[in-house]
Amino acid sequence: MSKKIFEIGIPVDEDGFLEMECDFCKNRFMLHSDTFQDESYLHFFCPVCGLPNGTDTFYCTEVLEKMEQVALNYMYSELERTLGKSIKKFNKNGFIKMSMDIPKREPEKELYQPVNEYETVQLECCNSSVKVQYFDKEIGIYCPLCGGTKL
């Protein structure tokens, strides 16, 4: 079986931060795109709840829905291409007739633009920064790289 790779551009704000969502607490925060793409990190810590998780688990719901939509549209195209030829050959024998209804492909939605409701917090422990909501900043956050606290 072959592997198919799709590229989906995730929108970033004017400072190069992309919006992320914790798989556990569902809170959102922003991490710089360079940090997110740095392959030396195997996991990140949620700045709000502090729980670690794999780097590929912090995608926002909208991004996951877009990924699913792209994959489904590709699958529908492949089914139509592959099975359509087989059905035409099968129908030539005259004994049995077969047809195929292809599900409608949904037009790909544009991804959102990140809202500017986050405040930047400079983290001295790892010499990086993260954007969180004001309330989370006031309570205290965790460093998404090392898990240390910032009060």
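Heads up: these notes are all about the structure in this document. (Residues numbered from 1 in each chain as written. Predicted model: local features only at pLDDT ≥ 70, side-chain atom pairs only at ≥ 80, totals over all residues. Heavy atoms only, no water.)

Another point: the environment of Glu19. Inspection of the secondary structure puts Glu19 in strand β1 (residues 17-21). Reaching out from Glu19, the side chain makes a polar contact with the side chain of Tyr118 at a distance of 2.5 Å. (Helix = DSSP H or I, 4+ residues; strand = E, 2+ residues; numbered from the N terminus. Polar contact = N/O pair within 3.5 Å; in protein donor to acceptor, adjacent residues only side chain to side chain.)

Another point: the nonpolar core. Counting 17 residues, the largest nonpolar core has Met20, Phe29, Phe58 and Val130 as the members making the most contacts within it. At the level of elements, β1, β2 (28-32), β5 (118-123) and β6 (128-133) are the ones that each hand at least two residues to this core. Sequence-distant contacts of Phe29, that is, excluding residues within four places in its chain, are made with Leu18, Glu19, Met20, Cys22, Pro47, Phe58, Tyr118, Val130, Lys131 and Val132. (Core = buried A, V, L, I, M, F, W, Y, C linked by side-chain atoms within 4.5 Å. Buried < 20%, exposed > 50% of the residue type's maximum accessible area, 1.4 Å probe, protein only. Contact = heavy atoms within 4.5 Å.)

Summed over the entire model, instances satisfying the criterion amount to eight salt bridges. The closest approach of N and O atoms between Glu21 and Arg28, which form a salt bridge, is 3.0 Å. A single network of salt bridges, built from pairs that share partners, joins Glu19, Glu21, Arg28 and Glu62. (Salt bridge = Lys/Arg side-chain N within 4 Å of Asp/Glu carboxyl O.)

Unusually for a residue other than glycine, Lys26 sits at a positive phi of about 65°. Mapping Lys26 onto the fold places it in the loop between β1 and β2. One non-glycine residue, Asn127, adopts positive backbone phi at about 50°. In this fold, Asn127 is placed in the loop between β5 and β6.

With that out of the way, let us pick up the packing of aromatic side chains. The description of an aromatic ring pair rests on the distance of the ring centres and on the angle between the ring planes. Considering all chains together, one arrives at six aromatic pairs under this definition. Both rings, one in Phe6 and one in Tyr74, keep their centres 5.2 Å apart while their planes meet at 70°; by these two values the pair is edge-to-face. In this pair, Phe6 is assigned in the segment before β1 and Tyr74 in helix α2 (residues 61-91), connecting sequence segments 68 residues apart. Look at Phe6 and you get partly exposed, because its relative accessible area is 35%. Ring geometry for Phe36 and Tyr59: centres 5.7 Å apart, planes at 80°, overall edge-to-face. In this pair, Phe36 sits in helix α1 (residues 33-37) while Tyr59 sits in the loop between β4 (52-54) and α2, placing the two residues 23 residues apart along the sequence. Through pairs of rings, three or more aromatic residues link up here, namely Phe29, Phe36, Tyr41, Phe44, Phe58 and Tyr59. (Phe/Tyr/Trp six-rings, centres within 6.5 Å; stacked < 30°, edge-to-face > 60°.)

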